[in-house]
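# Coordinates in review
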Amino acid sequence: MKKLRVVIAKPGLDGHDRGAKVIARALRDAGMEVIYTGLRQTPEQIVSAALQEDADVIGLSILSGAHNHIAPRLMELMKEKSLDDVLVVIGGIIPDVDIPKLKAIGVKGVFLPGTPMQEIIDFINVNARERSVR
Amino acid sequence: MTTVAEPASKALPERAESFTTISGRRIERVYAPDDVAGLDYSRDVADPGRFPYVRGIHETGYRGKLWTMRQFAGFGTPEETNGRYKTLLGAGGTGLSVAFDLPTLMGRDPDHVLSLGEVGKCGVNVTSLADMETLFDGIALGDITTSMTINSPAAMIFAMYLVVAEKQGADWKKLSGTIQNDILKEFIAQKEYIFPPRPSMRIITDIFGFCSREAPKWNTISVSGYHIREAGSTALQELAFTLRDGVEYVQWGVDAGLDVDDFVPRISFFFNAHSDFFEEIAKYRAARSIWAHVMRDRFGAKSDRSWKLRFHSQTAGVSLTAQQPYNNVVRTALQALSAVLGGTNSLHTNSLDEALALPTAEAATLALRTQQIIAHESGVANVVDPLGGSYFVESLTKDMEDGAFAYFDTIDKMGGMVAAIERGFPQKEIAEASYRFQQAVEQKEKTIVGVNAYVQEDEPPIEILYIDERASEKQLAKLERLKKTRKTDQVHRTLDRLRSAARASENLMPPILDAVRAYATIGEMCDALREVWGEYEEVPVI
């Protein structure tokens with residue numbers, strides 16, 4: 001079976017990257033191919049990385065509260081590039097009231113501080129399957 | 001290395017094969033006189049107020065003056081935060097601590113593409129002198145002390161503060177407060193850098209030089225381990241990298257021709273108060289001893305003001321959980337107690353809702369009450385360094401000190417901290433420690449209540465502070481108005497002068513002050529320097 005390809009990205013101006021790096025490494029140890037974009041990526045840069053890397057999954061780490069701007073922009077760009085079938089998950093500090101809004105625009109998983117890594121790995125394995133066997 | 005005999009039989013089994021601190025350091029079953037046999041009390045520990053200050057820098061500890069309870073605050077527009085500050089000061093506070101938003105911290109105006117969604121979210125937005133005037137409107141800067149958490153654009157924000165003070169008629173020579181201004185830990189951990197390391201260090205030595213002449217009571221830097229720890233380091237790494245950063249700043253100051261005793265007394269520190277109670281206490285005690293020795297022996301400082309390490313501490317944001325958030329009150333109380341027992345000079349306690357959002361006013365009040373209960377009800381502030389002489393604490397303190405000096409040797413061999421950062425050394429050490437800890441949590445070797453044990457389904461949600469987009473709209477409108485009303489030619493002239501000063505070697509503070517007075521924005525000033533020095537980009541280490 002082909003390895004899942006995951007782009008982990010840190011959009012916005014925030015530099016707190018402990019979460020992004022820990023999850024990147026945990027996904028790699030779980031057998032996925034992980035591409036970490038580094039800091040301060042615009043939605044345009046993230047989509048272009050996903051295209052270039054033929055990603056099955058995009059994982060965003062956002063702690064600053066900018067998710068309501070970044071996620072809609074990213075989803076819109078993904079539609080334009082016909083990447084609608086790429087699984088999008090977000091980890092970080094996300095107020096409860098925003099979670100339904102994110103899900104409504106197509107973000108499949110939202111993970112808050114303290115989520116076990118295994119839960120995220122399992123979620124990706126279950127939800128990213130379809131695309132990887134295309 | 002203990003005089004206490006092993007249990008005679010295995011009839012008394014222990015909970016685990018071995019015990020470690022949260023940082024993974026092995027802890028013995030019991031500590032005894034042998035563990036501190038090598039310590040000479042008057043040489044290595046000494047009474048409070050005596051070199052090397054293991055037991056504190058003040059003879060009277062908190063019997064003289066309690067620690068400063070300084071709560072960090074800022075959100076939305078300068079108008080909103082000004083209102084919060086007036087409330088805080090009205091409630092008897094004498095100091096402020098400004099939290100800036102990410103565009104301000106990164107030297108970007110609200111209309112920059114990367115500021116999208118970030119304006120006013122993590123702190124207050126300050127784009128130009130006009131915002132700083134609003135932020136401190138009706139607050140006499142000559143009468144309060146202000147701490148400002150600002151790093152890459154510290155010179156610009158400090159210049160704005162100085163100009164507001166000047167307009168209020170306050171004397172710079174009497175102004176007191178702190179700018180964080182610690183760029184090394186940004187490269188190592190928090191990643192809010194703009195310029196490459198070497199020009200960044202030059203701005204800092206320029207601030208040292210400027211302040212020693214113009215604002216001698218201002219604390220020019222708060223060398224910070226807090227963010228190193230939040231990025232996942234161990235307690236020892238936090239201690240070692242922070243103090244080695246301090247050494248680097250002093251070395252660069254000395255190399256720039258400054259006298260140690262002229263600027264070192266204005267250097268302060270900022271540590272994390274994490275969850276492993278005794279390890280944290282040992283860390284603070286070791287920090288004072290290391291600094292005293294290094295300043296006296298390595299730099300030949302003569303003044304005891306240079307030897308005494310003063311520090312602020314903040315409880316560990318990273319330890320807070322979104323699950324069962326009321327548990328965070330208890331975590332914070334224990335962490336705060338460790339900082340107090342370690343002799344912190346000032347303290348910020350986090351709010352229970354900070355894994356979810358910026359704190360509500362109620363949560364922030366409860367956090368402050370936690371400190372007040374420790375100060376006034378627990379009795380721990382009535383005796384200086386109550387844990388001094390504990391076999392365990394003294395032995396752990398010594399270990400921390402030795403461990404930090406071993407890291408110093410490694411970093412010195414690399415050519416100093418700037419060189420070590422350029423090689424990614426501290427970054428790699430932290431990434432490794434951070435992943436190790438996460439693995440230990442995943443495998444339940446370390447228990448986090450409510451996360452990997454005692455989990456509760458169907459938790460009721462708690463009320464949180466929700467910051468909407470109005471701050472962004474208001475700041476964008478203000479910026480547009482500012483650009484129409486200020487004298488454009490004066491802005492261009494002062495920015496040109498800033499560029500040429502950056503190319504040469506003159507002190508950058510005077511041209512920055514001129515640009516600030518002309519209402520140049522933080523984005524324009526930082527862009528001028530970006531043109532000369534370029535921007536730093538790290539190679540991410542995972």
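Sequence order sets the numbering: in each chain, residues are counted from 1 along the sequence as written. Chain labels run from A onward and ligand labels from 1 onward, assigned in the order the entries are written. Residues qualify for local features only when their pLDDT is at least 70, as the model is predicted, and side-chain atom pairs are given and counted only at 80 or more; totals for whole chains, interfaces and linings, by contrast, use all residues.

### Some points on the environment of Leu63 of chain A
Residue and element names in this part refer to chain A.
- Numbering of helices and strands runs from the N terminus; a helix is a DSSP stretch of H or I covering at least four residues, while a strand is a stretch of E covering at least two. By the secondary structure assignment, Leu63 is in the loop between strand 3 (57-62) and helix 3 (67-80).
- With C-beta atoms placed from the backbone, a residue counts as buried when 20 or more other C-beta atoms lie within 10 Å of its own, as exposed when 12 or fewer do, and as partly exposed for counts between those limits. A residue is classified by how many C-beta atoms lie within 10 Å of it, and Leu63, with 23 of them, is buried.
- Spatially, the C-alpha atom of Leu63 lies 10.0 Å from that of Ile90, the residues being 27 residues apart in sequence.
- Contact between two residues is assigned when their C-beta atoms, built from the backbone, lie within 7 Å. Not counting residues within four places of it along the chain, the set of residues in contact with Leu63 comprises Asp14, His16, Gly92 and Ile93.

### Observations regarding the nonpolar core
Residue and element names in this part refer to chain B.
- Any set of buried Ala, Val, Leu, Ile, Met, Phe, Trp, Tyr and Cys residues joined through C-beta atoms within 7 Å is what this text calls a nonpolar core. The biggest cluster of nonpolar side chains holds 180 residues, and the ones touching the most others in it are Ala287 and Ile512.
- With 11 residues, the top contributor of residues to this core is helix 6 (residues 154-168).
- Not counting residues up to four positions away in its chain, the partners in contact with Ala287 are Leu239, Leu243, Phe269, Phe271, Leu309 and Phe311.

### What to know about the packing of helix 20 (residues 488-503) of chain B against helix 22 (residues 522-533) of chain B
All names here are of chain B.
- Remark: helix 20 packs on helix 22, axes separated minimally by 9 Å, with the N-to-C direction vectors making an angle of 35°. The chirality of how helix 20 crosses helix 22 is right-handed. For the pair helix 20 and helix 22, contact is made by Leu495, Leu498, Arg499, Ala502 and Arg503 and by Glu524, Met525, Ala528, Leu529, Glu531, Val532 and Trp533, respectively.
- Following the grouping adopted for this structure description, the nonpolar residues are Ala, Val, Leu, Ile, Met, Phe, Trp, Tyr, Cys and Pro, the charged ones are Asp, Glu, Lys and Arg, and the polar ones are all others, Gly among them. Along the lines of polarity and charge, the residues of the contact of helix 20 with helix 22 split into eight nonpolar, no polar and four charged. Throughout, an axis means a line fitted to C-alpha atoms (over the contacting stretch in the case of helices), and angles, computed between N-to-C directions, take values from 0 to 180 degrees. In this scheme the handedness of a crossing depends on how the near helix is turned from the far one: anticlockwise by less than a right angle means left-handed, clockwise means right-handed.

### Topic: the confidence of the model for chain B
- Averaged over chain B, the pLDDT score is 94; the fraction of residues at 70 or greater is 97%.
- Interface confidence for the predicted complex, given as ipTM, is 0.85, next to a pTM of 0.93. Within a predicted model, pLDDT stands for the predictor's per-residue confidence, ranging from 0 to 100.

### A look at the packing of helix 10 (residues 235-255) of chain B against helix 12 (residues 277-298) of chain B
Residues and elements named next belong to chain B.
- In the contact formed by helix 10 and helix 12, the axes pass within 10 Å of each other and the chain directions differ by 25°. Taken together, the axes of helix 10 and helix 12 lie roughly parallel to each other. Between helix 10 and helix 12 the crossing geometry is right-handed. Taking contact as the criterion, the partners of Ala235, Leu239, Leu243, Gly246 and Val247 in helix 10 are, on helix 12, Glu279, Glu280, Lys283, Ala286, Ala287, Ile290, Trp291 and Val294.
- When its residues are assigned to classes, the contact of helix 10 with helix 12 shows nine nonpolar, one polar and three charged. Note on terminology: angles under 35 degrees are roughly parallel, angles over 145 are roughly antiparallel, angles of 65 to 115 are roughly perpendicular, and the others are oblique.

### Brief notes about the sheet that holds strand 4 (residues 95-99) of chain B
All names here are of chain B.
- Pairing is parallel in the open sheet, where four strands are placed in the order 4-5-6-7. Edge positions in the sheet fall to strand 4 and strand 7 (218-219), since each has one partner strand and no second.
- With two bridges joining them, strand 6 (residues 176-179) and strand 7 adopt parallel strand pairing. Paired with Thr178 across the two strands is Asn219, which belongs to strand 7. If DSSP finds at least two bridges between two strands, the strands pair.

### Thoughts on the interface of chain A and chain B
- Contacts between the two partners involve 32 residues from chain A, matched on the other side by 37 residues from chain B.
- Elements with a minimum of two residues in the side of chain A that touches chain B: helix 1 (18-29), helix 3 and helix 5 (117-127) of chain A.
- Take the side of chain A that touches chain B: its biggest share by element is five residues, from helix 1 of chain A.
- Of the residues in the side of chain A that touches chain B, the class split is 14 nonpolar, 11 polar and seven charged.

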